[in-house]
Amino acid sequence: MNRRTFLAAAAGASSTLVAGCAGFSTTAYSADPPLVEDPPAAVYVPSHVEGMEMVGMADAGDAKVAVSYSYPHRFWTVEQDGTAFETQQVDIGSDDTVHLMATVWEPETGVVVPNTGLSIEISTDEGLVSEEVVYPMLSQQMGFHYGANFPLDGNDVYDVRVSVGATSVERLGSLSDRLEEPAAATVSFDYREAARNEIDYTVFEESRRGQRDAIPPMSMEMTPVGRVPNPDSVAGEPLGQATIGDLVLRGYAAEADRFGDDPYLVVTAGTPYNDLVVPGMALSARVPGDGRAAFAGRLDPALDPELGFHYGATAPRLAGDDEVELTVEIPPQVARHEGYETAFLETGTVVLTG
């Protein structure tokens, strides 16, 4: 990938694909790349991947924001049809110039922050160019981020103002008094079409496309990638693992002293292959217990310095050997890049097993 640096503030912050993407050829950008025919209802290797370049990063209140860009590209939003959920393709607009991506994280802990409204306003000395509420989305290269396609008025220096809302999730530990207020950050974007056109664009061979696998995330030197914790790093009793719609759910009975007087039921939701955080769903749990349920209720989205983003609730009678039933009531309501658009759409109940 090219390491063109547009801003001194972004020096050393460019991003590259890590090794492991055999079976590809690099070619010129296409606004209409091939789609995988009959993809599985699961995570799969997309038809192509695009590189990206850093625009810049800045503080937005308690959060750090990094803005990067690539070619404009298609993505999918989640729609509900009766009781079923499906994705709807968002095509590239005729005047779209770039796909802008924003990653938001808490800098002291490195925890990536989902569940916050985010909008981008682009302007020049001549005035406003574009303004849009940006989609929360998942990609195999970046994990969770915020992104959308934007039109630009040709080669120019643009001010990109990123407005970050106060997060709507429970915050625990050292994060309990952080990220409480909306804030904004502005970075300058010296856009040049010729530079954009030199960003890597990789098309996979037909034999690789559509395989049940995933490409590795980019190596981003100064920007964290949101991942669920390694099971061995979680302080507490493991309750098991289950998969629904290719979404990997892991449960833990976390140590009571960290979360109060009672045990804390933790469930992480991640992608297969790379353990990327998957937010944006409605999840409940039931622990049958002996005679009456030890726990039955909703698991709330939360941020913790050690657990990162997860779903959790206080469960006074939870024990490490309990059977736990998890019900996905609403699947993740985040937009998806290719390779994720057919996964994470199922609802239903699964049982955690060791």
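Remember, it's a predicted structure, so these values are computed and weren't measured experimentally. The numbering scheme is per chain: residues are counted from 1 as the chain's sequence reads. Given that the model is predicted, a residue must reach a pLDDT of at least 70 before its local features are reported, and side-chain atom pairs must reach 80 or more before they are shown or counted; all residues, however, enter totals for whole chains, interfaces and linings. As a rule here, side-chain values come from all non-hydrogen atoms in the structure, and water together with hydrogens is ignored.

1. A few points about the overall build of the chain
Argument step 1. Going along the chain from the N terminus, every DSSP run of H or I of four or more residues is numbered as a helix, and every run of E of two or more is numbered as a strand. Regarding its fold elements, the chain presents two helices and 27 strands.
Argument step 2. This radius of gyration counts C-alpha atoms alone. The globule rule is 2.2 Å times how many residues there are, raised to the power 0.38. Compactness check: the chain gives a C-alpha radius of gyration of 21 Å against a globular reference of 20 Å for 354 residues, within 12% of the reference.
Argument step 3. The cut-offs for exposure are 20% and 50% of the maximum accessible area for each residue type, with area from a 1.4 Å probe on protein chains only; residues under the lower value are buried, those over the upper are exposed, and the others partly exposed. Counting only residues that meet the buried cut, the chain has 54% of its 354 residues in that class.
Argument step 4. Pairs of residues are marked as contacts when any of their non-hydrogen atoms sit within 4.5 Å. Within the chain, contacts between residues at least 6 apart in sequence are counted, and of these 72% link residues at least 24 apart.
Argument step 5. In this description, accessible areas are obtained by the Shrake-Rupley approach with a 1.4 Å probe, and a residue is regarded as covered only by the protein chains that are shown. For the chain, the exposed area adds up to about 14600 Å²; of that, 43% sits on carbon and sulfur atoms.
Argument step 6. Averaging the locations of the 20 positively and 55 negatively charged side chains of the chain gives two centres separated by 3 Å. Charged residues are defined narrowly, with Lys and Arg counted positive, Asp and Glu counted negative, and His plus the chain ends left uncounted. For the purpose of locating charges, the reference atoms are NZ of Lys, CZ of Arg, CG of Asp and CD of Glu.

2. Some remarks on the sheet that holds strand β11 (residues 127-133)
Argument step 1. One open sheet holds the four strands; their spatial order is β11-β10-β14-β16, and the pairing between them is antiparallel. On the outer flanks of this sheet lie β11 and β16 (183-191), each paired with one strand and no other. Taking the axes of each pair of neighbouring strands and ignoring which way they run, one obtains an average angle of 20 degrees across the sheet.
Argument step 2. Only when DSSP finds a minimum of two bridges between them are two strands counted as paired. Where strand β10 (residues 118-124) lies against β11, six bridges are found, and the strand directions are antiparallel. Paired with Ile-120 across the two strands is Glu-132, which belongs to β11. The axes are straight lines fitted to the C-alpha atoms, using for helices just the contacting stretch, and the angles between their N-to-C directions are given from 0 to 180°.

3. With respect to the pairing of strand β24 (residues 308-314)
Argument step 1. In terms of burial, β24 is a largely internal element, six of the seven residues being buried.
Argument step 2. When strand β21 (residues 264-270) meets β24, the two strands line up antiparallel, connected through four bridges. Looking across to β24, one finds that Tyr-264 is bridged to Thr-314.
Argument step 3. Bridge count between strand β23 (residues 295-304) and β24: five bridges; the pairing is antiparallel. Following the sheet pairing, Asp-300 is matched in β24 by Gly-312.
Argument step 4. Linking β23 back to β24 in an antiparallel pair, the connection comprises three residues.

4. What about the side chain of Asp-246?
Argument step 1. Summarising the element assignment, Asp-246 is placed in the loop between β19 (236-244) and β20 (247-254).
Argument step 2. The class of Asp-246 is buried, set by a relative accessible area of 13%.
Argument step 3. Polar contact is defined as a pair of N or O atoms within 3.5 Å, subject to the rule that within protein one atom must be able to donate a hydrogen and the other to accept it, and that residues adjacent in sequence are counted only when both atoms are side-chain atoms. At 2.8 Å, the side chain of Asp-246 forms a polar contact with the backbone nitrogen of Val-43.
Argument step 4. One polar contact links Asp-246 to Arg-212, side chain to side chain, over a distance of 3.3 Å.
Argument step 5. Apart from residues lying up to four places away in sequence, Asp-246 is in contact with Ala-42, Val-43, Arg-212, Pro-272, Ala-343 and Phe-344.

5. Quick notes on the nonpolar core
Argument step 1. We call a set of buried Ala, Val, Leu, Ile, Met, Phe, Trp, Tyr and Cys residues a nonpolar core when their side-chain atoms join them within 4.5 Å. If you look at the biggest cluster of nonpolar residues, it comprises 89 residues, and the most contacted ones within it are Leu-100, Leu-249, Leu-299 and Leu-326.
Argument step 2. Here the element with the most residues in this core is strand β8 (residues 98-106); it accounts for six residues.

6. Concerning the pairing of β23
Argument step 1. Here strand β15 (residues 170-171) runs beside β23; their pairing, made up of two bridges, is parallel. Residue pairing in the sheet places Glu-170 in a bridge with Ala-302 of β23.
Argument step 2. As paired elements, strand β22 (residues 282-287) and β23 share five bridges and run antiparallel to each other. When the bridges of β23 are listed, Val-287 appears paired with Phe-295.

7. Things to note about the side chain of Thr-77
Argument step 1. Turning to its location among the elements, Thr-77 is positioned in strand β6 (residues 75-81).
Argument step 2. Overall, the relative accessible area of 12% leaves Thr-77 in the buried class.
Argument step 3. There is a polar contact of 3.1 Å between the side chain of Thr-77 and the side chain of Glu-79.
Argument step 4. Apart from residues no more than four positions distant in its own chain, Thr-77 is found in contact with Glu-86, Thr-87, Gln-88, Val-90, Tyr-135 and Ala-335.

8. What to know about the packing of aromatic side chains
Argument step 1. Here a pair means two rings of Phe, Tyr or Trp (six-membered ring of Trp) with centres within 6.5 Å. Their orientation is stacked below 30 degrees between planes, edge-to-face above 60, and tilted elsewhere. Evaluated as defined, the whole model comprises nine aromatic pairs.
Argument step 2. Geometrically, the ring pair formed by Phe-75 and Tyr-135 is edge-to-face, given 5.1 Å between the ring centres and 65 degrees between the ring planes. Linking Phe-75 in strand β6 with Tyr-135 in strand β12 (residues 135-139), this pair joins segments that are 60 residues apart in sequence.
Argument step 3. Overall, Tyr-135 belongs to the partly exposed group, its relative accessible area being 30%.
Argument step 4. Considering the side-chain rings of Phe-144 and Tyr-146, the 5.1 Å spacing of their centres and the 80 degrees angle between planes classify their relative orientation as edge-to-face.
Argument step 5. Take Phe-144: its relative accessible area is 4%, and that puts it in the buried class.
Argument step 6. Look at Tyr-146 and you get buried, because its relative accessible area is 1%.
Argument step 7. Members of the aromatic cluster, each reached through a chain of ring pairs, are Tyr-69, Phe-189 and Tyr-191.

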